[in-house]
Amino acid sequence: MEQGFVDLSKSGAVARVTFFHPQSNSMPGKLLNDLAQAITSAGNDPTVKVILLQSKGEKAFCAGASFDELIAIKNMEDGTVFFSGFAKVINAIRKAPKFVIARVQAKAVGGGVGIACAADYTFGVKAASVKLSELAVGIGPFVVGPAVERKIGKSAFMTLSINASEWHPADWAHRYGMFSELHETTENMDQAIETLLTKLEGSSPEAMKELKSVFWEGCENWDELLAKRAGISGRLVLSDFTVNAIGEFKSR
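An account of the accompanying structure is given in this report. (Residues numbered from 1 in each chain as written. Predicted model: local features only at pLDDT ≥ 70, side-chain atom pairs only at ≥ 80, totals over all residues. Heavy atoms only, no water.)

In spatial order, the strands read 4-6-8; together these three strands make up an open sheet with parallel pairing. Two strands bound the open sheet, and with one partner strand each, they are strand 4 (60-62) and strand 8 (130-131). Note: strand 6 (residues 107-109) against strand 8, two bridges, orientation parallel. For alanine 108, the partnering residue across the bridge sits in strand 8 and is valine 130. (Pairing = 2+ DSSP bridges. Helix = DSSP H or I, 4+ residues; strand = E, 2+ residues; numbered from the N terminus.)

Given below as structure tokens:
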């Protein structure tokens, strides 16, 4: 539990991928790799029709990448590998031939916003405010940017990216399409999730696969694009500005 975990379980034709880390579900590289592999495995399972992606705990859906690993980066190569973590998860969601449904039960930051936007259908609650905080530490949401912009549009993406220290409420995220549905409580959200999952279990897998392909048309270059974006962040993370900003954040 101290190192976190990723769990893949199955109930009927639904694969449930659950992740957890004790530091507000911030994700170190190993967990990101495990998460991408779990999504890929569920997507390749012929008995699975739909994938539910969720996290444990009530503090945060996902607080982004691990700052402990971020502050330890000493060269651009390691930085690029580090920032490729969320790229692997986003691309796993994109390539899975099944709908990925996300359950956002609390705040989402950075890479967590990227996951919420990459999912094909995302549920949120009123408490699930969102923030892209990368610019505040001298980097930028380069890796998650394509997924966020694709889902909410360039203008809203720019708002999140530039005003990097401000939380945007769940109502805002719902209005711009990050959340497909917004619920007052987690209980109401979970009821709605189970209703949708039941409907999708009874739907045609071939039709859903074709729809998934249509939804992601124009994103076929994302393996290369997100790798290039990871390189930008890998370079910027070595700057004095970022080193000092992260150090200040860690000392709070």
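Strands sit in the order 1-2-3-5-7-9 across an open sheet of six strands; the sheet is mixed. Each having just a single partner strand, strand 1 (5-11) and strand 9 (181-183) make up the two edges of the open sheet. Each strand of the sheet is rotated relative to its neighbour by a mean of 20°, with strand direction disregarded. Pairing of strand 5 (residues 99-104) with strand 7 (residues 121-125), which is carried by four bridges, proceeds in the parallel orientation. Residue pairing in the sheet places alanine 102 in a bridge with threonine 122 of strand 7. Contacts from helix 8 (residues 186-201) reach strand 1, strand 2 (14-20), strand 3 (50-55), strand 5, strand 7 and strand 9 within the one sheet, and its direction differs from that of strand 5 by about 170°. (Axes fitted to C-alpha atoms, helices over the stretch in contact; angles between N-to-C directions. Contact = heavy atoms within 4.5 Å.)

Under the criterion given, the structure shown has seven aromatic pairs. Considering the side-chain rings of phenylalanine 5 and phenylalanine 20, the 5.7 Å spacing of their centres and the 35° angle between planes classify their relative orientation as tilted. Taken together, the positions of phenylalanine 5 in strand 1 and phenylalanine 20 in strand 2 put the pair 15 residues apart, joining distant regions of the chain. For phenylalanine 5, a relative accessible area of 24% puts it in the partly exposed group. Since its relative accessible area comes to 15%, phenylalanine 20 is described here as buried. (Phe/Tyr/Trp six-rings, centres within 6.5 Å; stacked < 30°, edge-to-face > 60°. Buried < 20%, exposed > 50% of the residue type's maximum accessible area, 1.4 Å probe, protein only.)

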